[in-house]
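# Breakdown of the fold
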Amino acid sequence: MGKKKLWGGRFSNTPSKVAEEIATSLHYDMRLYKHDIRGSLAHAKMLCKQKIISQKDLDDIQKGLAIIEQEIENGTFPFNEAFEDIHMNIEARLTELIGDAGKRLHTARSRNDQVITDVRLYLKDEMHEIKKLLIQLIVTIVQKAEETKYVVMPGYTHLQIAQPVRMAHHLLAYAWAMLRDVQRLDFAYGQTDELPLGSGALAGVNYTTDRQFLADELHCGAIAHNSMDAVSNRDFIADFLYFSSIMGMHCSRLAEDIILWSTAEFNFITLSDSVTTGSSIMPQKRNPDVAELVRGKTGRLYGNLLTLLTLLKGLPMTYNRDLQEDKEPLFDAIDTVKLIISGMNEVIATMHVNEEVTRKAIYKNFSTATDIADYLVMKGTPFRQAHEIVGSMVKYCEHHNEDFFTLPLEALKKFSEQFDNDIYDYINPEKSTERKQSYGSTSLKSVEHQIMVIREKLHEYGC
Ligand code: ARG
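What comes next is a walk through the structure.

Calculation rules
Residues numbered from 1 in each chain as written. Predicted model: local features only at pLDDT ≥ 70, side-chain atom pairs only at ≥ 80, totals over all residues. Heavy atoms only, no water. Helix = DSSP H or I, 4+ residues; strand = E, 2+ residues; numbered from the N terminus. Rg over C-alpha atoms; globule rule 2.2 N^0.38 Å. Contact = heavy atoms within 4.5 Å. Expected span 1.5 Å × (residues − 1). Buried < 20%, exposed > 50% of the residue type's maximum accessible area, 1.4 Å probe, protein only. Arc of directions from axis to C-beta. Axes fitted to C-alpha atoms, helices over the stretch in contact; angles between N-to-C directions. Parallel < 35°, antiparallel > 145°, perpendicular 65-115°, else oblique. Left-handed = near helix turned anticlockwise from the far one by under 90°. Salt bridge = Lys/Arg side-chain N within 4 Å of Asp/Glu carboxyl O. Core = buried A, V, L, I, M, F, W, Y, C linked by side-chain atoms within 4.5 Å. Patch = residues over 30% accessible without salt bridge, like charges linked within 9 Å, V, L, I, M, F, W, Y side chains within 5 Å. Areas by Shrake-Rupley, 256 points an atom, 1.4 Å probe, with all protein chains shown as cover. Near = heavy atom within 4 Å. Polar contact = N/O pair within 3.5 Å; in protein donor to acceptor, adjacent residues only side chain to side chain. Nonpolar A, V, L, I, M, F, W, Y, C, P; charged D, E, K, R; others polar.

We now examine the overall build of the protein. In terms of regular secondary structure, the protein is built from 19 helices and six strands. The C-alpha radius of gyration of the protein comes to 31 Å, more than 25% above the 23 Å expected for a compact globule of 463 residues. In terms of overall dimensions, the protein has a C-alpha envelope of 100 × 50 × 40 Å along the principal axes. Residue pairs in contact within the protein that sit at least 24 positions apart in sequence constitute 75% of those at least 6 positions apart.

All right, on to helix α19 (residues 444-460) then. With 17 residues, α19 ought to run about 24 Å at 1.5 Å a step, and its terminal C-alpha atoms sit 25 Å apart, in line with that. Listed in full, the buried residues belonging to α19 are Leu444, Ser446, Val447, Gln450, Ile451, Ile454 and Leu458. Along the long axis of α19, the arc covered by the buried residues comes to 160°, so they all point the same way. Those residues of α19 that are exposed and aimed more than 90 degrees away from the buried face are Lys445, His459 and Glu460. Residues of α19 that are buried sit in contact with α7 (111-147), β2 (160-166) and α8 (167-192). Looking at the residues trailing α19, positive phi occurs at Gly462, about 90°.

Take the packing of helix α15 (residues 369-378) against helix α16 (residues 383-400) next. Two measures define how a pair of helices packs: the angle their axes make with one another and the distance between the axes. Viewed as axis vectors pointing N to C, α15 and α16 meet at an angle of 135°, and their least axial separation amounts to 8 Å. For the element pair α15 / α16, the angle class is oblique. The handedness of the crossing between α15 and α16 is right-handed. Contact residues: α15 offers Ala369, Ile372, Ala373, Asp374, Leu376 and Val377, while α16 offers Phe383, Ala386, His387, Ile389, Val390 and Met393.

This paragraph deals with the pattern of salt bridges. Between side chains of opposite charge, a pair can form as their charged atoms come close. Enumeration according to the criterion identifies 35 salt bridges in this entry. Among the ionic pairs, Glu73 bridges to Lys34, the shortest N-O distance being 3.1 Å. You can see Glu73 sitting in helix α4 (residues 55-74) and its partner Lys34 sitting in helix α3 (residues 33-49), a full 39 residues away along the chain. Residue Lys34 is classed as partly exposed on the basis of its relative accessible area, which comes to 36%. Residue Arg321 pairs with Glu84 through a salt bridge whose shortest N-O separation is 3.2 Å. Of the two residues, Arg321 sits in the loop between α12 (289-313) and α13 (327-350) while Glu84 sits in the loop between α4 and α5 (86-98), which places them 237 residues apart along the sequence. Using a relative accessible area of 35% as the deciding quantity, one classes Arg321 as partly exposed.

For the rest of this paragraph, the subject is the nonpolar core. Residues Phe240, Ile258, Trp261 and Met344 are the most contacted members of the largest nonpolar core, which totals 102 residues. When residues of this core are assigned to their parent elements, the largest contribution, 15 residues, is made by α7. For Ile258, the residues in contact, after removing those within four places along its chain, are Ile269, Leu271, Ala291, Met344, Val347, Ile348 and Met351. In this structure, Phe404, Leu412, Phe419 and Ile427 belong to the second largest nonpolar core, which totals 21 residues.

Before going further, it helps to spend a moment on a nonpolar patch on the surface. Taken together, Leu202, Met228 and Met317 make up a surface patch of nonpolar side chains, about 280 Å² in accessible area. Relative to the helices and strands, Leu202 is located in the loop between β3 (194-195) and α9 (211-217).

Here the focus is α15. Restricting attention to buried positions, one finds in α15 the residues Ala369, Asp371, Ile372, Ala373, Tyr375 and Leu376. Tucked inside the fold, the buried residues of α15 contact α16 and α18 (423-427). Phi turns positive one or two residues past the end of α15, at Gly380, with a value near 115°.

Our focus in this paragraph is the site of the ligand. Around the ligand lies a shell formed by Ser25, Asp85, Arg111, Asn112, Val115, Tyr319, Arg321, Gln324 and Lys327. Contact between the ligand and Lys327: an oxygen atom at 2.6 Å from a side-chain N or O atom of the residue. Computed on the free molecule, the ligand has an accessible area of 340 Å², of which 84% lies beneath the protein chains in the complex. With three residues, α7 is the largest single contributor of residues to the shell around the ligand. Class assignment of the residues belonging to the shell around the ligand gives a composition of two nonpolar, three polar and four charged.

If you want it as structure tokens, here you go:
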């Protein structure tokens with residue numbers, strides 16, 4: 001309680017302690033200060049150009065806002081929770097510094113169009129940053145794919161060994177998913193790049209403003225066409241949160257693969273010391289904490305999306321104070337996304353592949369059973385029948401503790417007369433990947449083609 005509010009004219013009493021406590025957003029919207037100042041500078045310039053305020057007022061506002069930016073940056077700004085948010089804090093301080101010109105800044109503007117303009121400007125800057133990080137992660141994955149294109153390992157379905165694949169192919173599956181994330185981010189950016197400023201509280205303003213001038217000053221690609229939509233639209237935040245959820249899910253799945261691969265049971269990779277931690281009690285432990293937290297933090301990204309969707313669903317037109325609650329999920333998602341991408345990047349960049357282990361693993365669980373069925377198809381057996389024959393071979397081998405490779409040709413011929421000496425080449429799991437001929441397969445040619453296509457796409461993004 002205390003300070004008279006900037007909106008206090010029609011009130012006889014100040015709000016209660018709890019009302020102030022519930023209303024304040026300063027502790028989190030503080031991070032919008034730079035963009036609030038940018039928005040105010042553009043607005044003041046436009047007011048002056050349109051002769052709504054004088055050149056002297058504009059000069060004072062520019063000087064005052066420059067001082068405020070300095071004060072915030074060097075930690076001397078007198079923040080006051082009673083002024084609710086960063087926008088009111090800046091305006092109150094401006095008036096303290098420059099007098100009446102500060103009071104004129106809010107002409108033809110409402111906090112409703114101001115706040116959401118600031119959020120859009122801030123989010124656009126963060127999106128540039130996030131896009132750079134995400135593209136770097138894709139570059140790192142492609143680099144690892146290049147390094148592992150000769151590493152063969154089991155591919156899994158149901159987490160059971162299925163067919164041999166190249167590790168590069170497995171990693172590139174994530175690169176493709178993340179390229180789609182870049183597209184989702186671009187879409188969200190397009191939605192964000194629209195200017196609400198100049199819409200006033202909800203109905204427009206009683207001044208001959210120039211919104212195109214504002215859009216040009218603030219580098220916005222479009223102007224909101226409906227003032228009511230402008231002040232209540234939070235769809236672009238939902239688009240960003242959806243992007244962050246899907247992207248988080250991709251990172252989380254990759255993290256899960258990495259965690260599995262780094263276990264003693266799999267031992268396909270060894271994680272770097274830089275992304276693992278020890279245990280306070282078990283001296284031998286090396287835990288994959290960074291990957292685990294990438295996986296864990298994805299949960300809050302989903303939570304943020306759901307928070308916003310729930311917040312929006314019952315709101316009548318137009319601005320409702322509920323909308324202030326859009327910021328914490330957004331800010332948390334921005335911070336989390338940046339951490340997740342950077343963490344994942346470090347995990348992948350520094351992991352060591354235990355090639356001998358992955359190579360041995362493809363000899364397990366009859367990983368070339370499908371290849372043998374295809375061999376029989378090639379020799380004229382219908383596929384369903386071939387499937388049946390190989391199934392009984394697996395059963396036989398399991399029963400007699402044998403493998404396809406250990407059976408002599410006479411034994412194989414008992415299952416099908418069509419088996420010949422060339423079957424041993426087919427049985428070799430290390431040759432399995434090269435028999436894949438379809439477009440997009442795990443063969444070396446296909447993996448190299450994928451790397452080339454992805455690199456071309458990355459090139460378009462400036463890499
Ligand atoms: N801090 C508020 C927000 O972020 C400011 C908007 C207040 N507008 C109003 N009409 N009371 O939404």
